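A look at the structure
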Amino acid sequence: MGYKNGCDVLPDAVLLAVQEYIDGEYVYIPRRKAGKRRWGGANTGIREMLLVRNEEIAAKRRAGWSVSDLAGEYFLSGKTIYKILRTAQRH
């Protein structure tokens, strides 16, 4: 997300209307609902990578690995490992 100068992107009438409410401060303008993208992006494959990783973690735990060993192996905190294991139990 980058910042844009309102003078460069908004028509004068809109800029003046916004300045009535917020003058010289930052304002976040959210995406339209139709333009929202899911976390992890369909193009990156990160969701699938994390699902595979989390399944590996759950399988290793069932095989007897300790939480601290898993945390070290995957460079995660013990708390994160416990969250992954809780989620894996639900599925």
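In this text the structure is predicted, and so the values were computed from the model without any measurement.

Cut-offs and rules
In this numbering scheme, every chain counts its residues from 1 along its sequence in written order. Predicted model: local features are reported for residues with pLDDT of at least 70 only, side-chain atom pairs are reported and counted for 80 or more only, and whole-chain, interface and lining totals are derived from all residues. Each side-chain value is worked out from all heavy atoms of the structure, with water and hydrogens disregarded. A helix here means a DSSP run of H or I that spans at least four residues, while a strand means a run of E at least two residues long, and both kinds are numbered starting from the N terminus. A helix is expected to span 1.5 Å multiplied by its residue count minus one. Remark: exposure states derive from per-residue accessible area (1.4 Å probe, protein chains only) relative to the maximum for the residue type, with buried under 20%, exposed over 50%, and partly exposed in between. As used here, the arc is the angular range of directions from the helix axis to the C-beta atoms. Should any heavy atoms of two residues lie within 4.5 Å, those residues are considered in contact. In summary, the pairing rule links any two rings of Phe, Tyr or Trp, Trp by its six-membered ring, whose centres are within 6.5 Å, and it sorts them by plane angle into stacked for under 30 degrees, edge-to-face for over 60 and tilted for everything else. By definition, being over a ring means that NZ of Lys or CZ of Arg is both within 6 Å of the ring centre and within 35 degrees of the ring normal. Like-charged residues within 9 Å of one another, or nonpolar side chains (Val, Leu, Ile, Met, Phe, Trp, Tyr) within 5 Å, are grouped into patches, provided each residue has over 30% relative accessible area and no salt bridge. Methods summary: accessible areas were calculated by the Shrake-Rupley approach with a probe of 1.4 Å, and residue burial reflects only the protein chains presented. When a carboxyl oxygen of Asp or Glu is within 4 Å of a side-chain nitrogen of Lys or Arg, the pair counts as a salt bridge. Counted as positive: Lys and Arg. Counted as negative: Asp and Glu, with His and the chain ends omitted from the count. Note on charges: their place is set at NZ of Lys, CZ of Arg, CG of Asp or CD of Glu.

Side note on helix H5 (residues 78-90)
Between the first and last C-alpha of H5 there are 19 Å, a value that for 13 residues agrees with the 18 Å anticipated at 1.5 Å per step. Those residues of H5 that fall on the buried side of the exposure criterion are Ile81, Ile84 and Leu85. Each buried residue of H5 sits inside an arc of 100° when the element is viewed along its axis, so together they form one side. Residues of H5 that are exposed and angled more than 90 degrees away from the buried face: Lys79 and Arg90. On its buried face, H5 sits against helix H3 (46-62) and helix H4 (67-74).

Overview of the packing of aromatic side chains
Under the counting rule described, the total for this entry stands at one aromatic pair. One residue, lysine 60, lies across the ring of tryptophan 65, its end atom 4.7 Å from the ring centre.

Some thoughts on a positive patch on the surface
Together, Lys79, Lys83, Arg86 and Arg90 line one region of the surface with positive charge. Structurally, arginine 86 is set in helix H5.

What about a nonpolar patch on the surface?
Residues Val14, Val18, Val27 and Ile29 make up a contiguous nonpolar surface patch of roughly 340 Å² in combined accessible area. Inspection of the secondary structure assignment puts valine 27 in the loop between helix H2 (12-21) and H3.

Purely geometric stuff here, so don't read any function into it on its own.
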